[in-house]
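Close look at the chain arrangement
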Amino acid sequence: MKGQIYGAGTQRTAAVAGAVLVLSSCSLGGGDGEDGGPGSARVTITPAPDSADVAPDTPVVVEAEDGTITDVRIEQTPTEELGEEAAADAGTAAGHLDEEGSAWTSDRNLVPGASVSVHATAENEGGTETEVVSEFATAAVAEEDRLELVSNFPVSGDVVGVGMPVVINFDRAVERKEQVENSMEVASDEPVEGAWNWVGDDTAVFRPKEYWEPYQDVQVDLRLAGVAADEGIHAVRDHTIEFEVGREQISTMHVPDHEMVVEVDGEHERTIPVSNGAGEREFDTTTSGIHLTMEKYTSLVMDSATVGIPEGSPGHYRMDVDHAVRTSNSGEFTHAAPWNGQIGSANTSNGCTNMSDADARWFHDESLMGDILETTGTDRELEWDNGWGFYQRSWEEWLDNSVTGEPQTTDGSGTPGDVHADET
């Protein structure tokens, strides 16, 4: 439904109470508040003024006839239920003008359950300005219909390795993945190309085309307020994650060689004697591929029941280990194994990488989440979704499996596509 047309210098003012958030502005100029007079630009604002229960993923569109748009500003007052936190979360974003300067479209969704004022200014060829305001209200989202974050990796403040992905776990399946992907922007000091993939319907993963450059800051803006995950399911607030990429640590193992070589910032740091999986069956074969370190423990109870071999079954084990670093979800860790007398000479483990106590302690202490462990020499390949095996997909495969199908450059220039409702 088209909004009301304002013209002939019509002026409409409104007082906006409560917590006011400026969502967008062209920053191209401002109106002087005077009547435009005959021949002034005619301005249309959509959604229409006084509309109620507007879907929050509806775009705001300002169109000018017989003139060009010089300024647009959106103010939102969330309901008491969401409060000031929602206002602060919603952040700031610009819309975009078409080439003729006669149509402006918002680049952000709207906060659910908010009173909205759209302020627009247009100018005709003679320089006469028309300044208009339109007010409407967005639909609230019931608590049971909200898309929420369960967890994310990394979290703000983390220092991570150069292979670190961004992993976002939602509390429910996301059917409208394209709109959600386009609502999540990653920016880094050293811009790279990257893209999102989905592990199932509730986990979105961003990885760069190649590893991050070390020693830089990365910010992830989850501009989710108003985005629709499915029909009637919307997020109500935004989130920001800020983390640091530390030094570059890349470890390599050719399993038949019984050693791990660790390089830091391109320089050899340590060669560690190891004993990997015996390789008598799939379960005890160390996987080949690009692993990322996921988490670490000073001590850990390792129980094969957690990976499908319960007590009483052939091959079951339960043991306490020290200095454990996880490299997959199928039970692979590096860890101390003082009972293994064949470290450095034979592969005898259940699939983990056994080290001496001193080497395992060093590797544990020096490891960051997202460090790289490249393993070769076995006939069991790491699956791309086993742990964080995301670099097992080539860049072409990764991009093909992004819903948008386009890379996102981490230079702050925005995401590849539309965040609004898909009306096709």
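Residues numbered from 1 in each chain as written. Predicted model: local features only at pLDDT ≥ 70, side-chain atom pairs only at ≥ 80, totals over all residues. Heavy atoms only, no water.

**Thoughts on the overall build of the chain**
- The helix and strand inventory of the chain stands at 4 helices and 29 strands.
- In the chain, buried positions account for 52% of the 424 residues.
- Here the contacts in the chain between residues at least 6 apart in sequence split such that 72% fall between residues at least 24 apart.
- Entry remark: accessible area of the chain is about 18300 Å², with carbon and sulfur atoms responsible for 44%. (Helix = DSSP H or I, 4+ residues; strand = E, 2+ residues; numbered from the N terminus. Buried < 20%, exposed > 50% of the residue type's maximum accessible area, 1.4 Å probe, protein only. Contact = heavy atoms within 4.5 Å. Areas by Shrake-Rupley, 256 points an atom, 1.4 Å probe, with all protein chains shown as cover.)

**With respect to the sheet that holds strand S15 (residues 203–208)**
- Taken in spatial order, the 5 strands of this open sheet run S10-S12-S15-S14-S29, and their pairing is antiparallel. Two strands close off the open sheet at either side, each with one partner strand: strand S10 (149–153) and strand S29 (408–409).
- Where strand S12 (residues 166–170) meets S15, 4 bridges bridge the pair, whose relative direction is antiparallel. Across the sheet, Asn 169 pairs through a bridge with Thr 203, a residue of S15. (Pairing = 2+ DSSP bridges.)

**Focus: the nonpolar core**
- Judged by nonpolar contacts, the single largest core of 44 residues is most densely connected at Phe 170 and Met 184.
- Counting residues per element, the ones that place at least two in this core are S12, strand S13 (184–188), strand S14 (193–199), S15, strand S16 (216–222), strand S19 (239–245), strand S23 (289–292) and helix H4 (395–400).
- The element contributing the most residues to this core is S12, with 4 residues.
- For Met 184, the contacting residues outside a window of four places in its chain are Ile 168, Phe 170, Trp 196, Ala 204, Asp 221, Leu 222, Leu 224, Gln 408 and Thr 415.
- Listed in part, the 20 residues of the second largest apolar core include Leu 110, Val 111, Ala 122 and Phe 136. (Core = buried A, V, L, I, M, F, W, Y, C linked by side-chain atoms within 4.5 Å.)

**What about the packing of aromatic side chains?**
- Evaluation of the coordinates by the stated rule reveals 9 aromatic pairs.
- Geometrically, the ring pair formed by Trp 196 and Phe 206 is edge-to-face, given 5.4 Å between the ring centres and 65° between the ring planes. A residue pair is termed long-range when its members are at least 10 positions apart, and Trp 196 in strand S14 and Phe 206 in strand S15 qualify at 10 residues. The burial state of Trp 196 is the same as that of Phe 206; both residues are buried.
- Judged by centre distance (6.2 Å) and plane angle (55°), the ring pair of Trp 384 and Phe 390 falls under tilted. Per residue, the accessibility class of Trp 384 equals that of Phe 390, and both read buried.
- One aromatic cluster in this structure is built from Trp 196, Phe 206 and Trp 212.
- Across from the ring centre of Trp 198, 5.5 Å away, lies the NZ or CZ of Lys 177, which sits over that ring.
- One cation-aromatic arrangement involves Arg 207 over Trp 398; the distance from NZ or CZ to the ring centre is 5.3 Å. (Phe/Tyr/Trp six-rings, centres within 6.5 Å; stacked < 30°, edge-to-face > 60°. Lys NZ or Arg CZ within 6 Å of the ring centre and 35° of its normal.)

**Let's talk about the side chain of Thr 286**
- As for its position among the elements, Thr 286 is in the loop between strand S22 (267–273) and S23.
- A polar side-chain atom of Thr 286 sits 2.9 Å from the main-chain amide nitrogen of Gly 277.
- Setting aside chain neighbours within four positions, we find Thr 286 in contact with Val 255, Asn 276, Gly 277, Glu 332, Gly 351, Cys 352, Thr 375, Thr 378 and Arg 380. (Polar contact = N/O pair within 3.5 Å; in protein donor to acceptor, adjacent residues only side chain to side chain.)

**Some remarks on the pattern of salt bridges**
- Under the definition given, this model contains 13 salt bridges.
- One salt bridge in this structure joins Arg 108 and Asp 238, with 2.6 Å as the shortest N-O distance. You can see Arg 108 sitting in the loop between strand S7 (103–105) and strand S8 (114–123) and its partner Asp 238 sitting in the loop between strand S18 (233–234) and S19, a full 130 residues away along the chain.
- Under the relative-accessibility criterion, Arg 108 is labelled buried at 8%.
- Across the salt bridge formed by Arg 172 and Asp 171, the nearest N and O atoms sit 3.8 Å from each other.
- Three or more residues are tied together by salt bridges with common partners; here these are Asp 57, Arg 176 and Glu 231. (Salt bridge = Lys/Arg side-chain N within 4 Å of Asp/Glu carboxyl O.)

**Concerning the confidence of the model for the chain**
- Taken as a whole, the chain shows an average pLDDT of 88; of its residues, 86% reach a score of 70 or greater.
- Segment residues 1–36: pLDDT under 50, and 124 contacts once partners within four positions in sequence are set aside and those in other chains are kept.
- Throughout residues 88–93 the model reports pLDDT below 50, and contacts reaching past four residues in sequence, or to other chains, amount to 19 contacts. (pLDDT = per-residue confidence, 0-100.)

**With respect to the pairing of S16**
- When you tally the buried positions in S16, you get 5 out of 7 residues, the bulk of the element.
- Of the pairings in the sheet, the one linking S13 to S16 comprises 5 bridges and is antiparallel in character. Within the sheet, the bridge partner assigned to Glu 185 lies in S16 and is Asp 221.
- In this sheet, S19 lies alongside S16 in antiparallel orientation, the contact comprising 7 bridges. Counterpart to Gln 216 in the pairing with S19 is Val 245.

**Considerations on a negative patch on the surface**
- There is a patch of like negative charges on the surface, built from Asp 189, Glu 190, Glu 213, Asp 217, Glu 242 and Glu 244.
- Turning to its location among the elements, Asp 189 is positioned in the loop between S13 and S14.
- We classify Asp 189 as partly exposed; its relative accessible area is 49%. (Patch = residues over 30% accessible without salt bridge, like charges linked within 9 Å, V, L, I, M, F, W, Y side chains within 5 Å. Lys, Arg positive; Asp, Glu negative; His and termini not counted. Charge placed at Lys NZ, Arg CZ, Asp CG, Glu CD.)

**As for unusual backbone geometry**
- A cis amide bond links Thr 46 to the next residue, Pro 47, at an omega of 5°.
- Here Pro 47 lies in the loop between strand S3 (42–46) and strand S4 (61–65).
- Of note, the phi angle at His 323 is positive, near 55°, even though the residue is not glycine.
- With respect to the helices, strands and loops of the structure, His 323 is situated in strand S25 (residues 318–326).

**Quick look at the sheet that holds S16**
- With mixed pairing, the 4 strands of this open sheet are ordered in space as S11-S19-S16-S13. The open sheet has two edge strands with one neighbour each: strand S11 (159–160) and S13.
- Of the strand pairs in this sheet, S11 and S19 are connected by 2 bridges, and their pairing is parallel. Paired with Val 159 across the two strands is Glu 244, which belongs to S19.

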